[in-house]
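# Summary of the model geometry
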Amino acid sequence: MANLKDSPNFQVYDDYYTPKSAWERVRVSIPNKRIWEACMLGADLSKSDQYLTDLGCEVVADRTMNCLEKQPEDWDIIITNIPFDKTKKIPILERFVELDKPFMVIMNSMNTFTKYFHRIFKGKEKDLQIITPSKKINFDKLENGVLTPTKNCSFYSVYVCYKFNLPPDHLWID
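Residues numbered from 1 in each chain as written. Predicted model: local features only at pLDDT ≥ 70, side-chain atom pairs only at ≥ 80, totals over all residues. Heavy atoms only, no water.

With that settled, consider the state of the cysteines. The final tally for this structure, using the stated rule, is 0 disulfides. Left unpaired, Cys67 is separated from the closest cysteine sulfur, that of Cys39, by 4.4 Å. Classification of Cys67 as buried rests on a relative accessible area of 5%. (Disulfide = S-S within 2.5 Å. Buried < 20%, exposed > 50% of the residue type's maximum accessible area, 1.4 Å probe, protein only.)

In structure tokens, the structure reads:
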């Protein structure tokens with residue numbers, strides 16, 4: 001068994017991008033509503049909004065908008081891959097729950113075991129669902145200015161859904 005405290009070289013690295021395959025896997029669970037891809041600030045290389053559009057979704061995205069401070073005029077649900085860094089992730093999750101609209105976020109599965117995750121969703125458990133993929137999402141990593149697909153991500157990811165009211169057969173996916 002490994003302990004991250006034993007690894008002096010572990011660093012949070014936020015320059016990973018969501019591959020189209022990650023959205024294709026959950027397309028059946030995404031309602032035909034206007035999507036806000038909320039975590040696009042500074043993500044100039046992200047194609048997440050385009051991938052969702054390619055899958056037939058209506059998407060609003062703004063690479064200059066800080067989702068903690070502003071939101072688009074007209075949107076129904078949030079679908080995004082939030083930052084890995086918890087100093088960014090926690091306020092974003094808190095904001096999304098405060099907005100009290102449906103959202104789906106990709107997160108490291110270990111987040112579901114944290115105190116902050118339980119605090120954020122306390123009292124809202126009935127609105128929380130988690131889609132568990134049968135295999136890892138292998139993200140695209142930015143290295144030397146080039147997006148490179150990863151082959152064996154070091155963690156498992158889940159799709160955390162709030163107020164999606166998904167049927168049970170949508171919660172375990174290939």
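Once you've had a look at it, read on.
This part covers unusual backbone geometry. Negative phi values dominate among residues other than glycine, just as trans dominates among peptide bonds. The residue Asn144 is not glycine, and still its phi comes out positive at about 55°. By secondary structure assignment, the location of Asn144 is in the loop between β7 (140–143) and β8 (146–149). Located in the positive-phi region is Lys163, a residue other than glycine, with phi close to 60°. Relative to the assigned elements, Lys163 resides in the loop between β9 (157–162) and β10 (172–173). (Helix = DSSP H or I, 4+ residues; strand = E, 2+ residues; numbered from the N terminus.)

The next subject is helix α3 (residues 86–99). Spacing of three or four residues puts side chains on the same side of an α-helix, whose turn is 3.6 residues. With 14 residues, α3 extends 19 Å from end C-alpha to end C-alpha; this agrees with the ideal 20 Å at 1.5 Å per step. All of the buried residues in α3 are Lys89, Ile90, Ile92, Leu93, Arg95, Phe96, Val97 and Leu99. Of the surrounding secondary structure, the elements contacted by the buried residues of α3 are β2 (34–37), β4 (77–81), β5 (103–108), α4 (115–121) and β9. Residue Asp100 follows α3 closely and has a positive phi angle near 60°. (Expected span 1.5 Å × (residues − 1). Contact = heavy atoms within 4.5 Å.)

Read across the open sheet, the 3 strands follow the order β1-β7-β8; overall the sheet is antiparallel. Strand pairing shows two members of the sheet lacking a second neighbour, β1 (16–17) and β8, which therefore form its edges. (Pairing = 2+ DSSP bridges.)

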